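For reference, the chains in residue letters:
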Amino acid sequence: MSQSLHPMLNIAIKAARAAGAIINRGSQDLDILKITRKGPNDFVSEVDQMAEAAIIEVLLTAYPGHGILAEESGREHGAQNSEFVWIIDPLDGTTNFLHGFPVYAVSIALAWRGVVQQAVVYDPTRNDLFYASRGRGAFLNDKRLRVSKRTRLADSLVGTGFPFRKGDNAQRYIKMFDTVMQACAGVRRPGAAALDLCYVAAGWYDGFFETGLSPWDIAAGSLMITEAGGLVGNFTGDADFLYQREVVAGNPKVYGQLVTLLAPYSKAIKGDEGHDGHHPVGAHAAAPADAPTATEALAAAVAADAVAPIAPAEAGEPADAAKAGEPAARERKPVRIRKLDAPQSEGFGSDRPRGPRPDMGDRPRGPRPDGDRPRATGKPAPGRPLPTKR
C-alpha cells in the first residue's frame, strides 16, 4: 500500500488477512467441516470460530486494553469498560461459504466511544481489501473509493438482504421489498451485508437497505460509505443505526429517496433477542400497519396548520382574551407619515425672476483682478510660497 496507514488500521488488516487464510483453507474441505446451528437458518462452522479466535489474538496482542464485541463470543474477551471496542464478524455470509457460493468476507471495525474510527472488510475469494480511517477516505486495495453519481432512484441498482431469523417480520419485508423494487432499476441480494455496504462505497450499488442486522454486520461497511461520500442511517434517516436492526445507505441523492420510501416501515422487526442473548439496543416492537409514524404525524400537523383558514371575528363578538377576562389588546391603526415641506430660503423660491442679478450691472466678464488666484490653474496665488513636500 502506497499511503501511510493508521497503526490500528494496520493491525486490523493483519488480523483480517489471518482470518482470510483460515477461511480459504476451510473452503477446500467443506464436506468435513463441523457445523452447528445457532437458530433457524442461522449456522456457525468451526471455520467461523477459528477465524474469530485468530482475529482476537492479533488484536489483543497489540492492544490488550481494548474491548471486543464479536459475533460468536460476544464480549467474552478483552477489557469490559474500554473506550476502544473492536467489532468483529469473522465470516459474514456463512451460509454462502458453506454452499461454496463465493460471496463472504471478514469484517473488523474499531469504535472509540461508540463512533467507528477504523474499518476493514476483506474478501478472501478475490483478495479484495476494503479499508477506511475516519477523515482519511475509503480504499479498495490502493484505489480511492467514491459513491456513484446517479441522482434518480429509477435508474439505480439497490442491494438488500432477506429476513431469515426467527421473529423477523417477513410479510412486512415483502411489502417493503415490493415498494423499493417498483421504484428502482433493480434489486440484488448476494447475502453478505458487509460486502454490500462496500459495494455502495465503491459505486457498484447506488443504495442498500436491510433489516435484522447486528452491529458486526454493518460497523465496518458504514465507515466505508461515509468516507466515500455517501450517507448511512436507519429508515427514518437518523444516524443512530448501529443497534437499530435496520439500515439504509446510498449516495446522497438516492439515500434521500430511499428514506422517503422506507420511513413508514421503520422499526418493522420486533425486539427479538440477538446472538449474544440480549435484547438489541433500540429494537422496538413493530407498529400497527395503519399507524402513522412520528415523522408522518408531524408532517400532517404542519400541513394542517399551514392550510387552516383564519376566521375573521364577527361584529359585536368579544375577542377570546375578553372572554377569558383578560384585557383586550387595543387595535393598532395605520400611521400616516407626512413628508415635511422643504424650507424655502430667501431668493430660492419659484417666484424669483429669472435673469441677470440686479447687482451685477454691466460688469464685464473676464479674468479676476490681480491678486486673486486664478481658478483651475493649479498655481499658487502671487506672493504665496509653495507648500512644503512631506
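Conventions and cut-offs
- Residues numbered from 1 in each chain as written.
- Predicted model: local features only at pLDDT ≥ 70, side-chain atom pairs only at ≥ 80, totals over all residues.
- Heavy atoms only, no water.
- Helix = DSSP H or I, 4+ residues; strand = E, 2+ residues; numbered from the N terminus.
- Contact = heavy atoms within 4.5 Å.
- pLDDT = per-residue confidence, 0-100.
- Buried < 20%, exposed > 50% of the residue type's maximum accessible area, 1.4 Å probe, protein only.
- Pairing = 2+ DSSP bridges.
- Axes fitted to C-alpha atoms, helices over the stretch in contact; angles between N-to-C directions.
- Core = buried A, V, L, I, M, F, W, Y, C linked by side-chain atoms within 4.5 Å.

Peer 1: Explain the environment of A202 here, please?
Peer 2: Among the structural elements, A202 can be located in helix α5 (residues 193–202). Measuring from C-alpha to C-alpha, the distance between A202 and A228 comes to 7.6 Å, with 26 residues separating the pair along the chain. Ignoring anything within four residues of it in the chain, the contact list for A202 reads L145 and R146.

Peer 1: When you look at the confidence of the model for the chain in this model, what are you seeing that I'm missing?
Peer 2: Regions with low pLDDT should not have their predicted coordinates read in detail. When pLDDT is averaged along the chain, the result is 78, and 65% of the positions lie at 70 or above. For the stretch residues 268–329, pLDDT sits under 50, and the model shows 57 contacts to residues farther than four places along the chain or on other chains. Below a pLDDT of 50 lies the segment residues 345–350, which in the model reaches 3 contacts outside its immediate sequence neighbourhood of four places, other chains included.

Peer 1: Mind showing me how you'd approach the pairing of strand β3 (residues 67–70) here?
Peer 2: When a strand is regular, its side chains alternate between the sheet's two faces. Residues G67 and L69 of β3 are buried on one face, and the alternating residues I68 and A70, pointing to the opposite face, are buried as well. Across 4 bridges, β3 lies against strand β4 (residues 84–92) in parallel orientation. Each bridged residue has a counterpart across the sheet, and for A70 the counterpart in β4 is I88.

Peer 1: Teacher, can you tell me more about the pairing of strand β12 (residues 207–211) here?
Peer 2: Along β12, 5 of the 5 residues are buried, which leaves the element largely enclosed by surrounding structure. A two-sided burial pattern is seen for β12, the buried positions comprising G207, F209 and T211 on one face and F208 and E210 on the other. The sheet contact formed by strand β10 (residues 157–160) and β12 spans 3 bridges and is parallel. Bridge pairing in β12 links T160 to F209. With 5 bridges joining them, β12 and strand β14 (residues 246–250) adopt antiparallel strand pairing. Within β14, the position partnered with F209 by the bridge is V248.

Peer 1: How should I be thinking about the sheet that holds strand β9 (residues 143–144) in this particular structure?
Peer 2: Sheet strands line up and pair through hydrogen bonds in the backbone, either parallel or antiparallel. Taken in spatial order, the 7 strands line up as β3-β4-β5-β6-β7-β8-β9 in an open sheet, and their pairing is mixed. Edge positions in the sheet fall to β3 and β9, since each has one partner strand and no second. Along the sheet, helix α6 (residues 215–227) contacts β3, β4, β5 (105–112), β6 (115–123), β7 (128–133), β8 (138–140) and β9; its crossing angle with β6, the most-contacted strand, is approximately 100°.

Peer 1: Is there a simple way to explain the nonpolar core in this structure?
Peer 2: For soluble globular proteins, nonpolar side chains are generally found buried alongside one another. Core analysis: the largest hydrophobic core is formed by 42 residues, its most contacted members being I87, V121, F130, L145, L195 and M224. Every element with two or more residues in this core is listed here: β4, β5, β6, β7, β8, α5, α6 and β14. Discounting chain neighbours no more than four positions away, the residues touching F130 are A119, V120, V121, F139, L140, L145, L195, C198, Y199, W204 and M224. Core analysis: the next-biggest nonpolar cluster, separate from the first, contains 34 residues, M8, L9, W86 and Y104 among them.

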